[in-house]
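Close look at the chain arrangement
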Amino acid sequence: MVFQVGVRFTALILSIHLLLRAAYHPCFAQHSDAEMTPPPSKDSCCNPCFQGPAGAAGQPGIPGVPGQNGQPGSRGQKGEPGVGRHGPKGDTGDSGQKGDQGEPGVEGLIGQPGMQGPTGPSGEKGVKGEPGESTYVTLTPPSVVAFMAQLGSSHFIGNPGDIIIFDNIEVNIGDAYDSGTGVFTCSVAGVYFFSVTFLSYHTGPTLDAVLRKNSADILYVYDNHPGFHHQSSNSAVLVLASGDTVRLVHRSASGGKIHCCPYSSFTGFLIQAM
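As the structure is a prediction and not an experimental result, all values here were calculated from the model.

Conventions adopted
Residues numbered from 1 in each chain as written. Predicted model: local features only at pLDDT ≥ 70, side-chain atom pairs only at ≥ 80, totals over all residues. Heavy atoms only, no water. Helix = DSSP H or I, 4+ residues; strand = E, 2+ residues; numbered from the N terminus. Buried < 20%, exposed > 50% of the residue type's maximum accessible area, 1.4 Å probe, protein only. Contact = heavy atoms within 4.5 Å. Areas by Shrake-Rupley, 256 points an atom, 1.4 Å probe, with all protein chains shown as cover. Pairing = 2+ DSSP bridges. Axes fitted to C-alpha atoms, helices over the stretch in contact; angles between N-to-C directions. Patch = residues over 30% accessible without salt bridge, like charges linked within 9 Å, V, L, I, M, F, W, Y side chains within 5 Å. Salt bridge = Lys/Arg side-chain N within 4 Å of Asp/Glu carboxyl O. Polar contact = N/O pair within 3.5 Å; in protein donor to acceptor, adjacent residues only side chain to side chain. pLDDT = per-residue confidence, 0-100. Core = buried A, V, L, I, M, F, W, Y, C linked by side-chain atoms within 4.5 Å. Phe/Tyr/Trp six-rings, centres within 6.5 Å; stacked < 30°, edge-to-face > 60°.

Of regular secondary structure, the protein chain possesses 2 helices and 12 strands. Ordering the α and β elements of the protein chain from the N terminus gives α-α-β-β-β-β-β-β-β-β-β-β-β-β. When the 274 residues of the protein chain are sorted by exposure, 21% land in the buried category. Relative to all contacts within the protein chain whose residues are 6 or more apart in sequence, the contacts with residues 24 or more apart total 71%. Of the roughly 22200 Å² of accessible surface on the protein chain, a fraction of 56% belongs to carbon and sulfur atoms.

It is worth spelling out the sheet that holds strand β3 (residues 168–173) at this point. In space, the 5 strands of this open sheet follow the order β3-β1-β12-β6-β9, with antiparallel pairing throughout. Two strands close off the open sheet at either side, each with one partner strand: β3 and β9 (231–240). When strand polarity is set aside, the average angle formed by the axes of neighbouring strands in this sheet is 10°. Inspection of the sheet shows strand β1 (residues 146–151) paired to strand β12 (residues 261–273) by 6 bridges, in the antiparallel sense. Across the sheet, residue A146 finds its bridge partner in β12, namely F269.

Further remarks concern the pairing of β12. Inspection of the sheet shows strand β6 (residues 190–199) paired to β12 by 8 bridges, in the antiparallel sense. Along β12, the bridge assignment pairs G190 with A273.

Together, F9, L12, I13, I16 and L20 make up an exposed nonpolar region whose accessible area comes to about 490 Å². Tracing the chain through its elements places I16 in helix α1 (residues 2–24).

Of note, D244 is situated in the loop between β9 and β10 (245–250). Only 3.3 Å separates the side chain of D244 from the side chain of N214, close enough to count as a polar contact. Setting aside anything within four residues of it in sequence, one finds D244 in contact with F184, T185, C186, K213 and N214.

Confidence along the protein chain averages 81 in pLDDT terms, with 82% of residues attaining 70 or more. For residues 26–37, every residue scores under 50 in pLDDT, and the model assigns this stretch 6 contacts once sequence neighbours within four places are set aside.

Here we come to the nonpolar core. Across soluble globular proteins, you tend to see nonpolar side chains buried next to one another. Judged by nonpolar contacts, the single largest core of 30 residues is most densely connected at I164, F166, F184, Y192, F194, F198 and F266. When contributions to this core are tallied by element, the ones reaching two or more residues are β1, β6, β7 (207–213), β8 (216–223), β9, β10 and β12. Broken down by element, the residue count for this core peaks at 4 residues, all from β6. Apart from the residues lying within four places of it in its own chain, the contact partners of I164 are L151, F156, G182, F198, A209, L248, V249, H250 and I258.

What follows is about the sheet that holds β10. Taken together, the 5 strands give an open sheet; going across it, the order is β4-β5-β10-β7-β8, and neighbouring strands pair in antiparallel fashion. Strands with a single pairing partner mark the edges of an open sheet, and in this sheet they are β4 (177–178) and β8. Across 7 bridges, the pairing between β7 and β8 is antiparallel. From the neighbouring strand, K213 faces β8, where its bridge partner is A216.

For the coordinates displayed, the defined rule picks out 12 aromatic pairs. Considering the side-chain rings of F166 and F266, the 5.7 Å spacing of their centres and the 45° angle between planes classify their relative orientation as tilted. Of the two residues, F166 sits in the loop between β2 (156–158) and β3 while F266 sits in strand β12, which places them 100 residues apart along the sequence. Given the relative accessible area of 0%, F166 is considered buried. Between Y192 and F194, the aromatic rings sit 6.2 Å apart at their centres with planes inclined by 25°, giving stacked as the arrangement.

Turning our attention to the pattern of salt bridges. According to the stated counting rule, one finds 2 salt bridges in the structure shown. Where D217 meets R212, a salt bridge forms, and the shortest distance between an N and an O atom there is 2.6 Å. The class of D217 is partly exposed, set by a relative accessible area of 37%.

Here we take up unusual backbone geometry. For D175, which is not a glycine, the phi torsion comes out positive at approximately 55°. Here D175 falls in the exposed class, since its relative accessible area comes to 64%. Although it is not a glycine, C261 sits at a positive phi angle of roughly 60°. Following the sequence through the fold, C261 ends up in strand β12.

Structure follows, in structure tokens:
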């Protein structure tokens with residue numbers, strides 16, 4: 001037991017000696033090693049004087065597991081426009097889809113009439129239409145009344161008071177002249193013109209005839225030159241009412257003659273209806 005007390009006392013004295021030496025004597029480390037070794041931190045429990053030389057670098061460790069993606073950062077400010085020349089013009093892109101129809105615009109002013117174009121070709125003949133409905137039409141008097149008649153192929157030979165009948169009709173519009181009786185009957189009231197022409201015979205009684213309206217004598221045709229053919233004529237303008245009659249009456253003695261055919265004629269026509 002006395003031995004154990006002696007050992008413990010010796011160890012205690014040795015520890016005190018080492019502590020005192022470390023506190024009052026310089027470090028045992030080499031100067032070059034002290035420069036390479038960083039100073040201990042404030043809370044370090046070890047004095048650099050007791051550190052040994054640096055060991056060799058160890059092998060790189062196994063890479064750790066990659067961390068999760070961080071949150072997106074805030075958008076940065078717009079950068080300044082770049083400086084440089086414009087690039088070449090690109091190719092024309094494909095046509096886009098047709099857009100919706102826009103709203104109608106404001107109606108414009110009416111323009112000036114254009115020049116008349118050339119006449120176009122005639123169109124095709126249309127299809128014949130259906131017959132129209134029948135209607136009752138009030139007949140109106142004809143607007144034209146006219147006749148012209150000549151003596152036939154035989155010469156006229158008559159007595160006083162006989163009507164001279166011109167039986168060869170050339171024109172008879174309105175059918176007012178009767179070639180069977182030699183009488184013109186007015187169907188349209190108005191102003192009329194009448195003309196008569198005779199060729200006298202060179203022998204026989206003197207040519208003498210009268211134009212008579214109803215019972216009134218209007219004009220005469222007369223020739224008194226025996227032995228010769230004379231062309232005699234006369235004309236008149238008459239106002240006739242509907243139903244009035246006009247005729248040529250023979251006034252010569254019995255056996256009086258008038259040449260036929262185109263040499264002798266009776267003409268009349270309506271000038272103006274009233």
